[in-house]
Amino acid sequence: MSALMWILTALAGGCGATCRWLLSGAITRRLNAPTSASSISRHVPGSRAQLLRPLCGIAAVNVIGCLLAGAFTFLTTWPHWWTVIGVGFLGAFTTFSTAVVDVCEVLRSHRTALGASLLVGVWALCVVAVIVGAAAASIAMFALATVSAGG
């Protein structure tokens, strides 16, 4: 890999990590915003909502990243773009290590079933997101090829 590719991949990684931090924080802040008097239970310490609220941001980021990775797989024609965007940006944007740490925090609170379901749920959503992204990109590429071929 050339020096330029290393630099581009590193810059893309920095952008991906920054986007992850901003998006995850925005989602978590949105979920923490009071919406009605009926949302009191989500502020009770130890409640299921209190445990899950901070995890939703990183879970959403991972699902979005997997959707983008699935789509990008079919949309890229230059292999170096996969290195820059897939490894650099999306590799830093998605962060399964943070999701695993979040699950461990739930497990430490002796909520084994909740932690296990969170882990399996996020994993399953990510797998579905990759498939949906790949299918959507594949369909779009087929449609563009059909239109450009004149039929």
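One numbering rule holds for all chains: residues counted from 1, following each sequence as written. For a predicted model such as this one, the threshold for reporting local features is a pLDDT of at least 70, and the threshold for listing and counting side-chain atom pairs is 80 or more; totals across whole chains, interfaces and linings nevertheless cover every residue. To obtain the side-chain values, all non-hydrogen atoms of the structure were included, while hydrogens and water were left out.

Under the annotation held in an unreviewed UniProt entry, the protein carries the name Fluoride-specific ion channel FluC and is attributed to Schaalia radingae. UniProt positions are given in the numbering used here, feature names are shortened, and annotations may be inferred rather than shown by experiment. What the UniProt record of the protein gives under Catalytic activity (unreviewed entry) is the line "fluoride(in) = fluoride(out)".

Visitor: Is there a simple way to explain the packing of aromatic side chains in this structure?
Guide: The relation between two aromatic rings is expressed through the spacing of the ring centres and the mutual angle of the planes. Between the rings of Phe, Tyr and Trp (Trp by its six-membered ring), a pair exists once the centres lie within 6.5 Å; its type follows the angle of the planes, with under 30 degrees stacked, over 60 edge-to-face, and the other angles tilted. Counting across every chain of the model gives two aromatic pairs. Ring centres 5.8 Å apart and planes at 25° place the aromatic pair F72 and W82 in the stacked group. Here W82 lies in helix α3 (residues 79-93) and F72 lies in helix α2 (residues 48-75), a separation of 10 residues in the sequence. Only protein chains enter the accessibility calculation, which uses a 1.4 Å probe; a residue whose area is less than 20% of its type maximum is buried, one above 50% is exposed, and one in between is partly exposed. The exposure class of F72 is buried, given its relative accessible area of 18%. Ring geometry for F89 and F93: centres 5.8 Å apart, planes at 10°, overall stacked. For helices the rule is a DSSP run of H or I covering at least 4 residues; for strands it is a run of E covering at least 2, with both sets numbered from the N terminus onward.

Visitor: Help me out: how do you make sense of a nonpolar patch on the surface in this one?
Guide: A surface patch of nonpolar side chains, amounting to about 380 Å² of accessible area, comprises L4, I7, L8 and L11. Mapped onto the elements, I7 comes out in helix α1 (residues 3-32). Here a patch means residues that are over 30% exposed by relative accessible area and free of salt bridges, tied together within 9 Å if like-charged and within 5 Å if nonpolar (Val, Leu, Ile, Met, Phe, Trp, Tyr). The Shrake-Rupley method, run with a 1.4 Å probe, gives the accessible areas here. Residue values count only the displayed protein chains as cover. Any carboxyl oxygen of Asp or Glu within 4 Å of a side-chain nitrogen of Lys or Arg constitutes a salt bridge here.

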